Amino acid sequence: MARIDLNFEAYKHNLNYLVNLAGNIEKLMVVFKDNAYGHGLLQMAPLAAAVGVKSVVVRNNSEASLLDGLFENILILADYPNSISSNSYAANSLEALQFFPKSTKIHLKLDTGMNRNGIKEDELKKALICIQKNGLKLEACFSHFYSADELSADFYVQKERYKNFKELVKQELKKLNLPTPYFHSCNSSALLRQNENMFDDDFARVGVATYGYCDGFIKHELKPVLSLWANKISSREIEQGEKVGYGGVFESEKRLKISTYDLGYADGLFRSDGKKELYLKDGKPFLGKTSMDSFMTIGDDEEVCLLEDAMPLAKHINTIVYEILVKLSPSIPRRVI
Ligand SMILES: *Cc1c(COP(=O)(O)O)cnc(C)c1O
């Protein structure tokens, strides 16, 4: 059966690498949203806990409910508590503050230029009054960089804006006699771009780097955690001129031994249309169009590795590793090695 292998050594290596940049493991908020970027939340969470991770980030209540007891802090990015919850919730707008029950721990999102979520500077006073009035606990304020993985001035401009917003929050809270909350802003690439000992936030929210990747120009020594494998369903010999798969897109120029393997686009595998060359890890080509539950390649190995590093495939099809990983079906069996 097709499977995903998760390399615990690589994962530990990546977490340690990031701990070195952030200062200590308490400062890492490990992002587990969307089934741990397709790796498998249930498999990855105990590994993170074993390494000593205390704080994690998920997308919604249902993901948080799978983590019971493993971590001290869970930040939920886009949901509301069903009842009194010990988890923390991102408040993504001024209006959103109305919908949290009393005593909910809030991470207030500050929009510093991405224009995706968060309040603007001129909404801060209203937000703080609302938090006080509704009895919410302002645990942290946070922001998100929109171009930390691009080589441009935008990142520095946004960093400056975040720094100023942070000061503004501190001032306003002082006026209201309220304690200073935590602050966090860095995603993986922003943390990887920090010069040594320059990290001055309370947390960094690291996703893709923990899985071994960083898109863009940033140099790093991260190791991919996931590898994807498929098993042989059947083999056959084809003659010169025979076609393979739907539409007969691949036509053999010689006598060939070919085999069919048990992964297809229903498993979240990128669907090749057979026109652009696409290769397995060992360089063997996909033959023709990918089927729903299978694909064909040359040879008759019992199992083949589709990828050990998602970056070449992402580049080849002009997308980002996030998309390749996150689409891998939760129903593919995962195995920690
Ligand atoms: C997904 C996400 C992250 C993690 O980003 P990476 O680039 O994977 O490190 C951090 N913060 C927020 C708000 C996110 O949605």
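Residues numbered from 1 in each chain as written. Predicted model: local features only at pLDDT ≥ 70, side-chain atom pairs only at ≥ 80, totals over all residues. Heavy atoms only, no water.

## Notes on the sheet that holds strand 5 (residues 88–91)
Consideration 1: If you trace the eight strands once around the closed barrel, you get 2-3-4-5-6-7-8-9, paired in parallel fashion. Strand-to-strand twist of the sheet, defined as the mean angle between neighbouring strand axes without regard to direction, takes the value 30 degrees.
Consideration 2: Bridge count between strand 2 (residues 28–31) and strand 3 (residues 55–58): three bridges; the pairing is parallel. Residue pairing for strand 3: Val30 is matched across the bridge by Val56.
Consideration 3: Against the sheet, helix 1 (residues 8–22) makes contact with strand 2 and strand 9 (203–206), and its axis sits at roughly 140 degrees relative to strand 2, the strand it touches most. (Pairing = 2+ DSSP bridges. Helix = DSSP H or I, 4+ residues; strand = E, 2+ residues; numbered from the N terminus. Axes fitted to C-alpha atoms, helices over the stretch in contact; angles between N-to-C directions. Contact = heavy atoms within 4.5 Å.)

## Observations regarding the domain arrangement of the protein chain
Note: interface size is frequently given as the accessible area lost on complex formation between the parts.
Consideration 1: Assigned domains of the protein chain: these are domain 1 (7–211) and domain 2 (226–308).
Consideration 2: One C-alpha centre belongs to domain 1, the other to domain 2, and the line joining them spans 42 Å. (Domains from an automatic or database assignment.)

## So, the packing of helix 1 against helix 3 (residues 41–51)
Consideration 1: Remark: helix 1 packs on helix 3, axes separated minimally by 11 Å, with the N-to-C direction vectors making an angle of 50 degrees. Relative to helix 3, the element helix 1 lies oblique. Crossing angle aside, the handedness with which helix 1 passes helix 3 is right-handed. Every residue of helix 3 that contacts helix 1 at Phe8, Tyr11, Lys12 and Leu15 is listed here: Met44, Leu47, Ala48, Ala50 and Val51. (Parallel < 35°, antiparallel > 145°, perpendicular 65-115°, else oblique. Left-handed = near helix turned anticlockwise from the far one by under 90°.)

## Considering helix 1
Consideration 1: The end-to-end C-alpha separation of helix 1 is 21 Å, in line with the 21 Å expected for 15 residues at 1.5 Å each.
Consideration 2: Among the residues of helix 1, Phe8, Ala10, Tyr11, Asn14, Leu15, Leu18, Val19 and Ala22 are the ones counted as buried.
Consideration 3: Considering only its buried residues, helix 1 is in contact with strand 1 (3–6), strand 2, helix 3, helix 7 (188–192), strand 9 and strand 16 (334–336).
Consideration 4: Positive phi appears at Gly23, one or two residues downstream of helix 1, with a value of about 115 degrees. (Expected span 1.5 Å × (residues − 1). Buried < 20%, exposed > 50% of the residue type's maximum accessible area, 1.4 Å probe, protein only.)

## Some words on the site of the ligand
Consideration 1: In the vicinity of the ligand lie 13 residues, with Lys33, Tyr37, Ser188, Arg205 and Tyr322 positioned nearest.
Consideration 2: At a separation of 2.6 Å, an oxygen atom of the ligand approaches a polar side-chain atom of Lys33.
Consideration 3: Val208 is positioned with one of its backbone polar atoms (N or O) 2.8 Å from an oxygen atom of the ligand.
Consideration 4: Summarising the interface, the protein chains cover 93% of the accessible area of the ligand, which totals 390 Å² for the free molecule.
Consideration 5: For the shell around the ligand, the elements supplying multiple residues, two or more each, are helix 2 (33–37) and strand 9. (Near = heavy atom within 4 Å. Polar contact = N/O pair within 3.5 Å; in protein donor to acceptor, adjacent residues only side chain to side chain. Areas by Shrake-Rupley, 256 points an atom, 1.4 Å probe, with all protein chains shown as cover.)

## Some words on the nonpolar core
Consideration 1: Counting residues in each nonpolar core, the largest one holds 99 residues, and the members touching the most others are Tyr11, Phe32, Leu108, Leu228 and Phe295.
Consideration 2: Ranked by residue count, the leading element in this core is helix 1, at seven residues.
Consideration 3: Counting only domains with at least three residues in this core, you end up with domain 1 (7–211) and domain 2 (226–308).
Consideration 4: With residues near it in sequence (within four places) discarded, Leu108 still touches Ala91, Ile119, Leu124, Ala127, Ile131, Leu138, Ala140, Cys141 and Phe142. (Core = buried A, V, L, I, M, F, W, Y, C linked by side-chain atoms within 4.5 Å.)

## Focus: the pattern of salt bridges
Consideration 1: Applying the stated rule across the entire model yields 19 salt bridges.
Consideration 2: Note that Arg161 is salt-bridged to Glu121, the shortest N-O span being 3.7 Å. Of this pair, Arg161 sits in helix 6 (residues 154–175) while Glu121 is found in the loop between strand 6 (105–109) and helix 5 (124–133), placing the two residues 40 residues apart along the sequence.
Consideration 3: Judged by relative accessible area, which is 31%, Arg161 ranks as partly exposed.
Consideration 4: The partner of Lys257 in a salt bridge is Asp300, with the nearest N and O atoms 3.7 Å apart. With a gap of 43 residues between them, Lys257 in strand 13 (residues 256–261) and Asp300 in the loop between strand 14 (295–298) and strand 15 (303–307) connect regions that are remote in the sequence.
Consideration 5: Accessibility expressed as a relative area gives 33% for Lys257, which makes it partly exposed.
Consideration 6: Residue Asp300 is classed as partly exposed on the basis of its relative accessible area of 36%.
Consideration 7: Connected through salt bridges with shared partners, the residues Arg3, Asp5, Glu303 and Arg335 form a single ionic network. (Salt bridge = Lys/Arg side-chain N within 4 Å of Asp/Glu carboxyl O.)

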